[in-house]
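Observations on chain architecture
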Amino acid sequence: EAFRGAPVAAEAITLEIPDKPLPNQQRPPCRRAGLMEINGGCWKRLEGMIPPCDEDDYEHQGACYRPSLKRSRAPTTKKP
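Per chain, the residues get numbers from 1 upward, laid out in the order the sequence is written. Thresholds applied to this predicted model are a pLDDT of at least 70 for local features of residues and 80 or more for the giving and counting of side-chain atom pairs; totals over whole chains, interfaces and linings are not thresholded and use all residues. Only hydrogens and water are set aside when side-chain values are computed; all heavy atoms of the structure are taken into account.

**Concerning the overall build of the protein**
Under the scheme used here, helices are H or I runs from DSSP no shorter than 4 residues and strands are E runs no shorter than 2 residues, and both carry numbers assigned from the N terminus. For the protein, the helix and strand inventory stands at 0 helices and 5 strands. From first element to last, N terminus to C terminus, the protein shows the α and β order β-β-β-β-β. For every residue, the accessible area obtained with a 1.4 Å probe (protein chains only) is divided by the maximum for its type, and the residue is called buried under 20%, exposed over 50%, and partly exposed between those limits. Evaluated residue by residue, the protein yields a buried proportion of 25% over its 80 residues. Working rule for contacts: check all heavy atoms of both residues, and any pair within 4.5 Å makes them a contact. For the protein, long-range pairs separated by at least 24 residues make up 36% of all intrachain contacts whose partners lie at least 6 apart in sequence. Only the protein chains shown count as cover for residues, with accessible areas throughout obtained via the Shrake-Rupley method and a probe of 1.4 Å. Approximately 6600 Å² of the protein is accessible, and the part contributed by carbon and sulfur atoms is 52%.

This is the structure in structure tokens:
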């Protein structure tokens, strides 16, 4: 009960960009505007955001990035 409402340190959540691309992450060439290659994967720098980054984002060289994931396509054929 004593810890209810205690602040959580966001700094502990910040993740460094991994050494390899994440599963389902786009690989170079990173053709969409605003994407850059880091460690073999495509990443989007989140302008105006500085670490600590949001829960789903990663830190790299003092900035926050989000992985660019491959878009899944809708099936082109219907099952009988």
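**Some remarks on the state of the cysteines**
Any cysteine sulfur atom paired with another within 2.5 Å is treated as part of a disulfide. Summed over all chains, the structure comprises 2 disulfides. A disulfide bridge connects cysteine 30 with cysteine 42, and the sulfur atoms are separated by 2.1 Å. Because the torsion about its S-S bond is -90°, the bridge between cysteine 30 and cysteine 42 counts as left-handed. Of the two residues, cysteine 30 sits in the loop between β1 (15–16) and β2 (35–38) while cysteine 42 sits in strand β3 (residues 41–45), which places them 12 residues apart along the sequence.

**A short note on the pairing of β3**
DSSP-based pairing: two strands are paired if at least 2 bridges between them are found. The pairing of β2 with β3 spans 4 bridges and is classified as antiparallel. Each residue of the ladder has a partner; that of glutamate 37, found in β3, is cysteine 42. Hairpin geometry of β2 and β3 is characterised by an intervening segment of 2 residues between the two adjacent antiparallel strands and by a positive phi of about 50° at asparagine 39.

**Considering the environment of cysteine 30**
Expressed as a C-alpha distance, the spacing of cysteine 30 and lysine 44, which sit 14 residues apart in the sequence, is 9.8 Å. Residues in contact with cysteine 30, not counting those within four places in the same chain, are Leu35, Met36, Glu37, Gly41 and Cys42.

**With respect to the packing of aromatic side chains**
Side-chain rings of Phe, Tyr and Trp (the six-membered ring for Trp) are treated as a pair once their centres are within 6.5 Å; stacked means planes under 30 degrees apart, edge-to-face means over 60, and tilted covers the remaining angles. In this structure the tally under the stated criterion is 1 aromatic pair. With a centroid separation of 5.3 Å and 75° between ring planes, the pair formed by tryptophan 43 and tyrosine 58 is classed as edge-to-face. Here tryptophan 43, found in strand β3, pairs with tyrosine 58, found in strand β4 (residues 58–60); they are 15 residues apart in sequence, far enough to count as distant. Of the two residues examined, tryptophan 43 and tyrosine 58, each falls in the buried class.

**Examining the sheet that holds β2**
Strands pair in a sheet through their backbones, by hydrogen bonds, and they do so in one of two ways: parallel or antiparallel. In spatial order, the strands read β1-β4-β5-β3-β2; together these 5 strands make up an open sheet with mixed pairing. One side of each edge strand has no neighbouring strand; the edge strands of this open sheet are β1 and β2. Looking at chain direction, β4 and strand β5 (residues 63–67) are connected through 3 bridges and run antiparallel. Paired with tyrosine 58 across the two strands is tyrosine 65, which belongs to β5.

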